[in-house]
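# Close look at the chain arrangement
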Amino acid sequence: MNVHKLGIRKSNQLTTTSHMEIFSIFPSWLLTTILVLFCIFLYTLKSNSSSMVALKLPPNPPKLPIIGNMHQLLGQPRHLAFWKLSQEYGPIMLLNIGSKSCLIISSSTMAKQVFKDQDHILCSRPISKTTKRLTYNYVDAAFSPHSNHSKKMRKVLVSEFMGPKRARVSNHVLLTEVEIMLRSVSLHPSNSAINLNELFLALVKALICKVAFGSSYREQPLKGPSLEVMLDEVMELMNPFLGDFFPWFGPIFDQISGRNHKLEKLFSNLDAYIQTYIDEHHNHIGQVYDEDKDFLHTLLELSSTENASGDDRLTIGEIKSLIVDIFLGGIDTTFTTTVWAMSEIIRSPRVMQKVQSEIRNCAGRKQKIDETDVSKMTYLKMVVKETLRLHPPAALLLPHESLSHCQVGGYDVLPETMVIINGWAIGRDPSTWGKNAAEFYPERFENLDQVEFRGGNYDMVPFGGGRRTCPAIKTAPATIEFIIANLLYWYDWKIPGGVKNEDLDMVEEGSLLITKKLPLCLIPTKHIWEG
Ligand code: HEM
């Protein structure tokens, strides 16, 4: 009994002592803090798990462990794979590709919510190994995640490359390059086909580079690969690296497969290409009149302490990244659309006849067509619009990314979700465009004045939308109209080999940029005016 009592007492004593010891080691305020923090932790855990339960995520096709939905995208162009899935799962879907969640948008209603209602949240860009490297670690305008810096760079690009200051030069360069193109057509052996892909690529490349580098631009670089070779490599490397989606094992495969090495080599070639122009411009910068300054001159001025201060001053990396932006954003998109436009026109004798007579009537008999003539060519504008509806060169635009949690179409979208807008599917949606959605029919725009590239309804989105809209939304169509107007004014065109117009091959190729698989080769005949 005593022993028992003693035992109890002893154990009580022990307990009391150990409490005392704890209190002596940890002061009471610390223990209280730990207790409060623990309660907050439990509460957060509970509220997180209850909000997880309450989340309403978009429809998600069945997925496999580790790779997620990747197997559903293999072996076909991505815009087609997404479109097929959307037929089953709807205009908003959530796919998992490795570690990334991707929201796939396939209707104008959903696109409107992304570009308008939630634009402030869905305006960022996902990071990837290729874009990070080619943009000098995201100091550019086009591919950087949303930030004050990316906004600043977009402003510089828009005002200095596309703004009114540069418009005069751009127009002059366009006129000159179109003349060069027409001369090369006139020198072509008669009755033989011209490869219009080559013709348009040379024109657009010269146009962008002459506005960027001025008269120092050379068609072939002094050393290293040509710009078009580098652009082809960019397109290949823009396809995601495994490491972008599978951070645990992907980087090893990227290393073994040689993709990392390819990217490094491409970057160093592209960097050297731009550096040559920077060196040349540095050598002459004091000797150039204001009116002769090209884009690169202006950027270099903005990098000097005399002309810019603090945050406004550009670094050499920032300058190079803006040049990369206009190369990647401007050349292939414009030249590919011109090829599609000319292909659709030649395929339909009705459209050809109508657009050609408009062009010839509006311009009348003259030596040169100018911008004012083209501004009157309403049917030609519809033809270019219809081309961009059916063949948006960037079928999936550029991916966006969510900055924080938001809702689209009543579904929850979590932070850091990649948002892919299927511009190709939106432009061909029969619920918007009717039964003849897949047909090339420019007249559909006659009564649809409100369907602008960036109209209120997002029925077609070849230039994207919201704050990341393509800054060339007005200038690029005007350039294409001008090229087509000139080709059709001076020449009549036919397909070689007796192929019927409607049988012209229109097979698509590519995943980021959807090009015509076979080059467009046509025979020109100089137009003879009657009387
Ligand atoms: C037919 C020609 C063109 C088409 C169809 C086109 C299409 C696009 C598309 C779909 C985007 C992504 C928009 C988004 O994320 O929502 C984009 C962005 C961009 N484009 Fe274009 N583009 C064309 C011509 C050009 C040209 C000529 C340039 C410059 C010389 C250019 C520069 C850019 C830039 C800098 C961006 C990034 C804008 C940003 O993220 O803020 N594009 N373009």
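Residues numbered from 1 in each chain as written. Predicted model: local features only at pLDDT ≥ 70, side-chain atom pairs only at ≥ 80, totals over all residues. Heavy atoms only, no water.

Right, let's get into the pairing of strand β11 (residues 521–526). Where strand β3 (residues 194–195) and β11 come together, two bridges link them in antiparallel fashion. Residue pairing for β11: Ile 194 is matched across the bridge by Leu 522. Two strands pair when backbone bridges link them, and strand β8 (residues 491–494) and β11 are joined in this way by four bridges, in the antiparallel orientation. Each bridged residue has a counterpart across the sheet, and for Asp 492 the counterpart in β11 is Thr 525. (Pairing = 2+ DSSP bridges. Helix = DSSP H or I, 4+ residues; strand = E, 2+ residues; numbered from the N terminus.)

It is worth spelling out the packing of aromatic side chains at this point. This model, assessed by the stated rule, comprises 15 aromatic pairs. Relative to Phe 445, the ring of Trp 433 lies with its centre 5.9 Å away and its plane at 65°, an arrangement referred to as edge-to-face. In this pair, Trp 433 sits in helix α19 (residues 430–433) while Phe 445 sits in the loop between α19 and α20 (475–490), placing the two residues 12 residues apart along the sequence. Take Trp 433 and Phe 445: they sit in the same class, and that class is buried. Each member of the aromatic cluster is reached from another via a ring pair, and the members are Phe 213, Tyr 273, Tyr 277 and Phe 327. Across the ring face of Phe 245, the terminal group of Lys 100 is positioned such that the distance to the ring centre comes to 5.5 Å. Over the face of the ring belonging to Phe 241 we find Arg 259, whose NZ or CZ atom lies 4.3 Å from the ring centre. (Phe/Tyr/Trp six-rings, centres within 6.5 Å; stacked < 30°, edge-to-face > 60°. Buried < 20%, exposed > 50% of the residue type's maximum accessible area, 1.4 Å probe, protein only. Lys NZ or Arg CZ within 6 Å of the ring centre and 35° of its normal.)

Turning our attention to the site of the ligand. Around the ligand there are 29 residues in total, and Arg 125, Arg 154, His 400, Arg 468 and Cys 470 lie nearest to it. Looking at which element gives the most residues to the shell around the ligand, the answer is helix α14 (residues 316–347), with six residues. Class assignment for the residues of the shell around the ligand results in 18 nonpolar, eight polar and three charged. (Near = heavy atom within 4 Å. Nonpolar A, V, L, I, M, F, W, Y, C, P; charged D, E, K, R; others polar.)

This paragraph deals with helix α12 (residues 259–284). For an α-helix the count is 3.6 residues per turn, leaving residues at separations of three or four pointing the same way. Taking 1.5 Å of rise per residue, the 26 residues of α12 would be expected to cover 38 Å, and the 38 Å separating its terminal C-alpha atoms lies within 8% of that figure. Lining the buried residues of α12 we find α5 (129–134), α8 (196–213), α9 (227–238), α11 (250–256), α13 (295–301) and α14. (Expected span 1.5 Å × (residues − 1). Contact = heavy atoms within 4.5 Å.)

A separate point is the UniProt feature "binding site: heme" (unreviewed entry) in the chain. In the numbering adopted here, UniProt assigns the feature "binding site: heme" (unreviewed entry) to Cys 470. Residue placement: Cys 470 occurs in the loop between α19 and α20. (UniProt positions renumbered as here; feature names shortened; annotations may be inferred.)

Turning next to the layout of surface pockets. There is about 500 Å³ of room inside the second largest pocket. Along the wall of the second largest pocket there are 21 residues; nearest its centre are Asp 232, Met 235, Asp 332, Leu 513 and Thr 515. At the level of secondary structure, the elements contributing two or more residues to the lining of the second largest pocket comprise α8, α9, α14 and β10 (515–516). Split by residue class, the lining of the second largest pocket holds seven nonpolar, seven polar and seven charged. (1 Å grid on protein atoms, 1.4 Å probe; cavity = no way out; pocket = protein on both sides within 12 Å on 5 of 7 lines; lining within 4 Å. Points joined across faces, edges and corners; volume = space filled by probe spheres on them.)

On to the confidence of the model for the chain. Of the residues in the chain, 88% reach a pLDDT of 70 or more, and the chain-wide mean stands at 89. Ignoring residues within four places in sequence, the model shows residues 1–26, a span with pLDDT below 50, making five contacts including any to other chains. Ignoring residues within four places in sequence, the model shows residues 43–51, a span with pLDDT below 50, making zero contacts including any to other chains. Both confidence scores are given for the complex: pTM 0.89, ipTM 0.99. (pLDDT = per-residue confidence, 0-100.)

Next up on the list: the pairing of strand β2 (residues 100–105). Among the six residues that make up β2, five are buried, leaving the element largely enclosed by the rest of the structure. Connecting the antiparallel pair strand β1 (residues 92–97) and β2 is a turn made up of two residues, with Gly 98 showing a positive phi of about 55°. Where β2 and strand β7 (residues 418–421) come together, four bridges link them in parallel fashion. Bridging from a neighbouring strand, Ile 105 pairs with Ile 421 of β7.

Further remarks concern the sheet that holds β1. The four strands are arranged β1-β2-β7-β4 in an open sheet whose pairing can be described as mixed. Single-partner strands in this sheet number two, and they are β1 and β4 (400–401). Bridge analysis of β4 against β7 gives two bridges, and the strand direction is antiparallel. Each bridged residue has a counterpart across the sheet, and for His 400 the counterpart in β7 is Val 419. The sheet strands contacting helix α3 (residues 78–89) are β1, β2 and β7, and the helix crosses β1 at an angle near 125°. (Axes fitted to C-alpha atoms, helices over the stretch in contact; angles between N-to-C directions.)

Glancing now at the pattern of salt bridges. Within this structure, the stated rule accounts for 20 salt bridges. A salt bridge links Arg 360 to Asp 492, with the nearest nitrogen and oxygen atoms 3.0 Å apart. Of this pair, Arg 360 sits in helix α15 (residues 349–363) while Asp 492 sits in strand β8, and the two are 132 residues apart along the sequence. Owing to a relative accessible area of 11%, Arg 360 belongs among the buried residues under this scheme. Under the relative-accessibility criterion, Asp 492 is labelled partly exposed at 29%. Because the salt bridges share partners, they merge into one network encompassing Glu 160, Lys 165 and Arg 166. (Salt bridge = Lys/Arg side-chain N within 4 Å of Asp/Glu carboxyl O.)

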